[in-house]
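The residues making up each chain are set out below.
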Amino acid sequence: MPSPAPSVELKGVLKRFGQTTAVDRVDLTIGDGEFFALLGPSGCGKTTLLRMIAGFEFPDEGEVLVEGRDVARVPPNERPVNMVFQHYALFPHMTVKDNVAFGLRMKRLSEDQVQERAAEGLRTVRLDALAGRYPHQLSGGQQQRVALARALVNEPEVLLLDEPLAALDERLRQDMRVELKALQAKVGISFVFVTHDQEEALALADRIAVMRGGRIEQIGTPQEVYENPASRFVADFVGVSNLLVGKVAEVEPLLVSAPGTARRAVIDVPELGRMTAYLAEGVRPGEETTLCLRPERIHIASDGVENELENRVPGLVESTVFLGGEVRYRVRTAGGRALEVHEQSSPLRGVRRPGERVLVQWRDEDARPVRP
């Protein structure tokens, strides 16, 4: 796990472009050696936040601290950070090694130091055998690794990555996720990674900040953000969710076995009927609540099959998508609600066909309350 010592701290950071507030008084702490992801849709402020850490934008208000030093008004070349851009920005007329050495020569290091550190940088990303090639002779993944080596040879305290996998095809992106995670573990410095792809963030990050409208909606580990989304927006943006809105009918007494201080409640959900879930202490009958039910938490049985799960709703399979290891269903309940259901495929169970009557079922703890 990363050290709790901060590598980057943002305190009350505000950035406006004309009448538009791009970043709205953000507070954020990134630990030393942490792989941290800024995740959100286009226009949420994540790239502006990254550019303020890099020094390409200055905040209108607030502090930007790197290794304890406020660099909010310090130019990029004087900050202990380096940035890898989406399109790599390699010099086409330079060899791979000269691209990697460029920043070192700008620092006026001796040529022996330049050669030694450039060679070490290429070994780090496993491209030393391609040192004499030019960028157009490399694959997209190889070009990305050259850009990473060029940034790392300058020995930054923090490496900033602005959607560096976006230009790659899907198979290469998956391979490069593994490479990037292994590289960060090897060099041991903080990586701050901007992406709109929630799968990338979940796969790579130690912690994720989900952004919306210039603000941070939630910060947590990938598991925390996915399993316990703080808001309807996070639940809908990170992964696939069935969002159930209902009115609390009853609240049972606090149980020792309940998670935390949650209380088991009976909830009336239109199109589904009556269901049960754990809600936060203090919820009262008559209040509206929103629940996030992930598709893989729903189990399917043939209609009429007895089971031990607390919530059961009959339905009809409306569509089936077979994806090899997973089957994705849309099930229309008797009340008319469509539920997304994901199951691991099994040669013993087979694939359910559209029109098949089933029973969808889930446990109380699998429908998690989120704020609107």
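The rules behind these values
- Residues numbered from 1 in each chain as written.
- Predicted model: local features only at pLDDT ≥ 70, side-chain atom pairs only at ≥ 80, totals over all residues.
- Heavy atoms only, no water.
- Salt bridge = Lys/Arg side-chain N within 4 Å of Asp/Glu carboxyl O.
- Helix = DSSP H or I, 4+ residues; strand = E, 2+ residues; numbered from the N terminus.
- Buried < 20%, exposed > 50% of the residue type's maximum accessible area, 1.4 Å probe, protein only.
- Pairing = 2+ DSSP bridges.
- Contact = heavy atoms within 4.5 Å.
- Axes fitted to C-alpha atoms, helices over the stretch in contact; angles between N-to-C directions.
- 1 Å grid on protein atoms, 1.4 Å probe; cavity = no way out; pocket = protein on both sides within 12 Å on 5 of 7 lines; lining within 4 Å.
- Points joined across faces, edges and corners; volume = space filled by probe spheres on them.
- Nonpolar A, V, L, I, M, F, W, Y, C, P; charged D, E, K, R; others polar.
- Phe/Tyr/Trp six-rings, centres within 6.5 Å; stacked < 30°, edge-to-face > 60°.
- Lys NZ or Arg CZ within 6 Å of the ring centre and 35° of its normal.

A. Representation of the pattern of salt bridges. Tallying each qualifying case throughout the model produces 26 salt bridges. The closest approach of N and O atoms between Arg 173 and Glu 200, which form a salt bridge, is 2.5 Å. Of this pair, Arg 173 sits in helix H5 (residues 170–187) while Glu 200 sits in helix H6 (residues 198–204), and the two are 27 residues apart along the sequence. The same class applies to Arg 173 and to Glu 200, which are both buried. Residue Glu 217 is joined to Arg 371 by a salt bridge in which the shortest nitrogen-to-oxygen separation is 3.7 Å. Of the two residues, Glu 217 sits in strand E10 (residues 215–220) while Arg 371 sits in the segment after strand E20 (367–370), which places them 154 residues apart along the sequence. Residues participating in the shared-partner salt-bridge network are Asp 24, Arg 25, Glu 61 and Arg 215.

B. A look at unusual backbone geometry. Of note, Glu 163 is a non-glycine position whose phi angle comes to about 45 degrees, a positive value. The residue Glu 271 is not glycine, and still its phi comes out positive at about 75 degrees. Examined against the element boundaries, Glu 271 turns out to sit in the loop between strand E12 (263–269) and strand E13 (273–279).

C. Up close: the sheet that holds strand E4 (residues 61–66). Within the open sheet, the four strands sit side by side as E2-E1-E4-E5. Their pairing is antiparallel. In this open sheet, the two edge strands, each paired with only one partner strand, are strand E2 (20–31) and strand E5 (69–70). Bridging between E4 and E5 involves two bridges; their strand directions are antiparallel. Counterpart to Val 66 in the pairing with E5 is Arg 69. Contacts from helix H1 (residues 46–54) reach strand E1 (6–17), E2 and E4, with the element oriented near 120 degrees to E1.

D. Molecular detail of the layout of surface pockets. Reported here for the largest pocket is a volume of approximately 630 Å³. In terms of lining residues, the largest pocket is bounded by 24 residues, among which Pro 76, Asn 77, Val 81, Asn 82 and Asn 154 are the most central. Secondary-structure elements contributing two or more residues to the lining of the largest pocket are strand E6 (81–84), helix H2 (96–106) and helix H4 (140–152). Of the residues that constitute the lining of the largest pocket, the class distribution is 16 nonpolar, four polar and four charged. Approximately 310 Å³ is the volume attributed to the second largest pocket.

E. Region of the structure containing the packing of aromatic side chains. One pass over the full model with this rule turns up five aromatic pairs. Looking at Arg 294, its charged tip hangs above the ring of Tyr 226, at a distance of 4.0 Å from the centre.

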